Amino acid sequence: MWTTRPKTAAKPRTHLRRRPRLGPGRRIPGGALLGPALLLAAWFAGSATGLLDPRVLSAPWTVVTTTGELIANGRLQDNLATSAERFAYGLVLGVAIGTVLALASGLSRWGEAVLDGPIQIKRAVPSLALLPLLILWLGIGEGMKITTIVLGVLIPVYIHTHNGLRGIDGRYAELAETVELSHASFIRRVILPGALPGFLLGLRFAVTSAWLSLVVVEQINATSGIGYMMELARTYGQTDVIVVGLVLYGVLGLLSDGAVRLIQRRALSWRRTLAD
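Colleague: Got a minute to help me understand the overall build of the chain in this structure?
Modeller: Helix and strand content of the chain: ten helices and zero strands. For the chain, the succession of helices and strands along the chain, N to C, is α-α-α-α-α-α-α-α-α-α. Taken across its 276 residues, the chain has 33% of its residues classed as buried. In the chain, of all internal contacts separated by at least 6 residues, the share reaching a separation of at least 24 is 72%. Carbon and sulfur atoms form 65% of the exposed surface of the chain, whose accessible area is close to 18,400 Å².

Colleague: Help me understand the confidence of the model for the chain in this model?
Modeller: Should pLDDT be low for a region, the predicted coordinates there are not to be read in detail. Overall, the prediction assigns the chain a mean pLDDT of 84, with 88% of residues at 70 or greater. In the model of the chain, helix H7 (residues 170–178) stands out as the element of lowest mean pLDDT, 76, in contrast to helix H3 (residues 75–106), which has the highest, 94.

Colleague: How should I be thinking about the packing of helix H2 (residues 60–72) against helix H10 (residues 239–267) in this particular structure?
Modeller: A pair of packed helices can be characterised by two numbers: the angle between their axes and the separation between those axes. It is the contact of H2 with H10, at a shortest axis distance of 9 Å, that shows an interaxial angle of 85°. Between H2 and H10, the crossing angle belongs to the class labelled roughly perpendicular. Where H2 approaches H10, its residues Thr62, Val63, Thr66, Thr67 and Leu70 are matched on the opposing element by Asp240, Val241, Val243 and Val244. When its residues are assigned to classes, the contact of H2 with H10 shows five nonpolar, three polar and one charged.

Colleague: What is the right way to look at the packing of aromatic side chains in this model?
Modeller: Both the distance between ring centres and the angle between the ring planes are used here to describe each pair of aromatic rings. A complete count under the given rule lists three aromatic pairs for this structure. Between phenylalanine 87 and tryptophan 211, the ring centres sit 4.1 Å apart and the planes meet at 15°, which makes this aromatic pair stacked. In this pair, phenylalanine 87 sits in helix H3 while tryptophan 211 sits in helix H8 (residues 183–217), placing the two residues 124 residues apart along the sequence. For the pair phenylalanine 87 and tryptophan 211, a shared accessibility class is recorded, and that class is buried. Clustering of aromatic rings is evident, with ring pairs tying together Phe87, Trp211 and Tyr249.

Colleague: Could you clarify how one ought to interpret a positive patch on the surface in this entry?
Modeller: On the surface, a cluster of positive charge is contributed by Arg27, Arg261, Arg265 and Arg266. In this fold, arginine 266 is placed in helix H10. Taking the relative accessible area as the measure of exposure, arginine 266 reaches 63% and is therefore exposed.

Colleague: Could you clarify how one ought to interpret the environment of phenylalanine 205 in this entry?
Modeller: Tracing the backbone shows phenylalanine 205 in helix H8. Taking C-alpha positions, phenylalanine 205 is 7.7 Å from valine 157, a pair spaced 48 residues apart along the chain. Excluding anything up to four places from it in sequence, phenylalanine 205 contacts Pro156 and His160.

Conventions adopted
- Residues numbered from 1 in each chain as written.
- Predicted model: local features only at pLDDT ≥ 70, side-chain atom pairs only at ≥ 80, totals over all residues.
- Heavy atoms only, no water.
- Helix = DSSP H or I, 4+ residues; strand = E, 2+ residues; numbered from the N terminus.
- Buried < 20%, exposed > 50% of the residue type's maximum accessible area, 1.4 Å probe, protein only.
- Contact = heavy atoms within 4.5 Å.
- Areas by Shrake-Rupley, 256 points an atom, 1.4 Å probe, with all protein chains shown as cover.
- pLDDT = per-residue confidence, 0-100.
- Axes fitted to C-alpha atoms, helices over the stretch in contact; angles between N-to-C directions.
- Parallel < 35°, antiparallel > 145°, perpendicular 65-115°, else oblique.
- Nonpolar A, V, L, I, M, F, W, Y, C, P; charged D, E, K, R; others polar.
- Phe/Tyr/Trp six-rings, centres within 6.5 Å; stacked < 30°, edge-to-face > 60°.
- Patch = residues over 30% accessible without salt bridge, like charges linked within 9 Å, V, L, I, M, F, W, Y side chains within 5 Å.
- Salt bridge = Lys/Arg side-chain N within 4 Å of Asp/Glu carboxyl O.
- Lys, Arg positive; Asp, Glu negative; His and termini not counted.
- Charge placed at Lys NZ, Arg CZ, Asp CG, Glu CD.

And the structure:
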C-alpha cells in the first residue's frame with residue numbers, strides 16, 4: 001500500500017539581500033569642498049578656544065579684516081596681478097615645451113634616445129636646486145623667475161604625456177595599418193587621443209609645481225607679488241599678512257586644480273572609471 005508524504009507548507013520566499021556595490025560608492029555632492037571646510041572649521045574652533053596662539057597663527061576673523069585692508073589700499077590686487085602673470089607665462093611655456101618634448105621622444109626612438117636621458121637627469125635634480133645657477137646666468141629679474149616655473153612645469157607634463165604615448169595598445173597600430181591610415185591620421189586619431197589622459201594628469205601636477213615654484217622665486221629679491229608681500233610681512237612680524245598670502249595661494253591652487261579636473265572630466269567623458 002502506497003503512502004503519500006504529507007505536503008509541507010511552502011516557505012515564504014524571502015527577498016535576496018542586495019550585495020553592496022564594489023568601488024568607492026556614489027559621488028558626494030560638493031565632496032571636493034568637504035576637506036577644506038573641515039580644516040576651516042578646525043581653524044575657527046582652535047582660535048575661538050585659545051588653542052591657537054594668535055602670534056603663531058592669526059585667527060580667521062583677523063585674516064578677513066587684514067584682507068579687507070589690503071584690498072582697500074590696493075596692495076593685494078597689485079601683487080596678485082603680478083603673481084598671476086608670472087604663473088600664466090611659466091605654465092603656458094612649460095606645458096608647451098613639455099608636450100613638444102614628449103611627442104618628439106614618444107613618437108621616435110631617436111628622439112627618445114636623445115631627449116629622455118637628459119630629462120630624466122633634470123627630473124632627479126629639483127628645479128629649486130638650480131636657483132643659484134639661474135641667478136648667475138639670468139640675474140634676479142623676471143627671466144629667472146619664469147624660467148624656474150617653466151622648469152618645474154615641463155617635467156610632469158613630459159613624464160605623464162610620454163608615459164601615455166608609450167602605454168597605447170600596440171593593436172591599435174596594427175589596426176591602423178590594416179585600414180591603411182596615413183601617418184598623420186594615425187597620430188590624429190590614435191596617438192593624440194590615447195595620450196590625452198596622461199597629458200591631463202601631468203597638467204594637474206604641472207599646475208601644482210607652478211604655484212610651488214612661484215612661491216619660492218617671489219621670495220628671492222622680488223619687488224612685487226604675493227610671495228614678496230609675505231616676505232615683507234615676515235620682516236615686520238605681520239603674521240596676519242603672511243596667513244593672507246598662504247590662504248590666497250591655497251585658494252588659487254585649489255581653483256586651478258579644480259579647473260583642470262573639470263577639463264579632464266569633460267575631455268575623458270567616454271571613459272568608465274571607478275570615479276563615475
